[in-house]
Amino acid sequence: ADFTATAAGRLDNPRTYRVEVDANGQDVTVNGRPAGDLTLTGRTTADNKFTLELTTGLLGRPQTLRAEIDLASNELATTVGTTLDGADLAQLFRVLLPDSGVTVTGRATGTLRARGNLFDDEGAFSIAGLQGRAEFSELVVNIEDVPLAAENPLVVLFSTNEVTFERTRFTGPGTDIVFGGTAALGA
């Protein structure tokens, strides 16, 4: 991996931050599984926003995740997002389910977006203020040789405390699963 970063500013004042990050990794592995090449770039813009882009081959073809942090806002307003276009989920499932003994593959097309503040009301750093939405126009999961396809669109709302599935339906050979609701992830 090659990594270069420079940072300047007063630690107690994000408005003064000037950051540049350039990183490249070849043949990256996660949990012992190949994740392809990885590129990370970040810059502070003239209007005092820090933009960060992470590009990885984990989902087959290169996938870019983009984040923007508004250093001029007291709360560090942040947006994060990516667009999936026929993303191959096999590698992701291998990383998430190592040594499961079950072959899980799939593909996804859709968008994932999150936004919120990185500083809470007391001025402490926290990701609890982030909330997001994932909307899939295509989501097919193959468990062993059984394909399950989500009805379009599949919408998932999320925060650090909960995940909400709008009415969701998966169908496949001899399978018709309908569910929806909210699952708590925290207090």
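Being a predicted model, the structure only gives us computed values, none of them experimental.

Here's the deal with the overall build of the chain
Along the backbone of the chain there are one helix and 12 strands. Moving toward the C terminus, one meets the helices and strands of the chain in the order β-β-β-β-β-β-α-β-β-β-β-β-β. A total accessible area of about 11,200 Å² is found for the chain, and carbon and sulfur atoms account for 55% of it. Within the chain, the 25 negative side-chain charges are centred at a point lying 4 Å from the centre of the 15 positive side-chain charges.

With respect to the nonpolar core
Ranked by size, the top nonpolar core spans 20 residues in total, and within it Phe136, Leu139 and Leu154 carry the most contacts. Breaking this core down by element, the ones donating at least two residues are β6 (77-88), α1 (90-96), β7 (104-117), β8 (131-143), β9 (146-150), β10 (154-159) and β11 (162-172). The greatest single-element share of this core, amounting to four residues, is contributed by β8. When near neighbours in sequence (up to four residues on either side) are disregarded, Leu139 contacts Leu89, Arg107, Ala108, Leu148, Ala149, Ala150, Leu154 and Phe170. Counting residues in hydrophobic clusters, the runner-up holds five residues, among them Phe50, Leu71, Leu76 and Leu130.

A look at the environment of Leu59
Note that Leu59 resides in the loop between β4 (49-56) and β5 (63-70). Given the relative accessible area of 13%, Leu59 is considered buried. In the structure, Leu59 is positioned 27 residues away from Gly86 in sequence and 9.0 Å away in space, judged by C-alpha atoms. When sequence neighbours within four positions are dropped, the list of residues in contact with Leu59 reads Leu84, Ala87, Asp88, Leu89 and Leu92.

Considerations on the environment of Val28
Within the secondary structure, Val28 is located in strand β2 (residues 18-30). A residue is classified by how much of its surface remains accessible, and Val28, at 23% relative accessible area, is partly exposed. For Val28 and Leu38, which are 10 residues apart along the polypeptide, the C-alpha to C-alpha distance reads 6.9 Å.

Here's the deal with a negative patch on the surface
A contiguous patch of negative charge, built from Glu75, Asp120, Asp121 and Glu122, is present on the exposed surface. Mapped onto the elements, Glu122 comes out in the loop between β7 and β8.

So, the packing of aromatic side chains
Per the counting criterion, the structure on display carries three aromatic pairs. Ring centres of Phe119 and Phe125 lie 6.5 Å apart, and the angle between their planes is 85°; on these two criteria the pair is classed as edge-to-face. Exposure remark for Phe119: the relative accessible area of 22% places this residue in the partly exposed category. The exposure class of Phe125 is exposed, given its relative accessible area of 57%. Here a set of aromatic residues connected by ring pairs shows up, and it is made of Phe165, Phe170 and Phe179.

Considerations on the side chain of Thr164
With respect to the helices and strands, Thr164 occurs in strand β11. There is a polar contact of 3.0 Å between the side chain of Thr164 and the side chain of Thr182. Sequence-distant contacts of Thr164, defined by excluding residues within four places in its chain, comprise Val155, Val156, Leu157, Gly181 and Thr182.

Describing unusual backbone geometry
Cis peptide bonds are those with omega within 30 degrees of zero, and the linkage from Asn152 to Pro153 qualifies with -15°. Tracing the chain through its elements places Pro153 in the loop between β9 and β10. Of note, Asn48 is a non-glycine position whose phi angle comes to about 65°, a positive value. By the secondary structure assignment, Asn48 is in the loop between β3 (33-44) and β4. A relative accessible area of 10% means that Asn48 is categorised as buried.

Definitions and cut-offs
- Residues numbered from 1 in each chain as written.
- Predicted model: local features only at pLDDT ≥ 70, side-chain atom pairs only at ≥ 80, totals over all residues.
- Heavy atoms only, no water.
- Helix = DSSP H or I, 4+ residues; strand = E, 2+ residues; numbered from the N terminus.
- Areas by Shrake-Rupley, 256 points an atom, 1.4 Å probe, with all protein chains shown as cover.
- Lys, Arg positive; Asp, Glu negative; His and termini not counted.
- Charge placed at Lys NZ, Arg CZ, Asp CG, Glu CD.
- Core = buried A, V, L, I, M, F, W, Y, C linked by side-chain atoms within 4.5 Å.
- Buried < 20%, exposed > 50% of the residue type's maximum accessible area, 1.4 Å probe, protein only.
- Contact = heavy atoms within 4.5 Å.
- Patch = residues over 30% accessible without salt bridge, like charges linked within 9 Å, V, L, I, M, F, W, Y side chains within 5 Å.
- Salt bridge = Lys/Arg side-chain N within 4 Å of Asp/Glu carboxyl O.
- Phe/Tyr/Trp six-rings, centres within 6.5 Å; stacked < 30°, edge-to-face > 60°.
- Polar contact = N/O pair within 3.5 Å; in protein donor to acceptor, adjacent residues only side chain to side chain.

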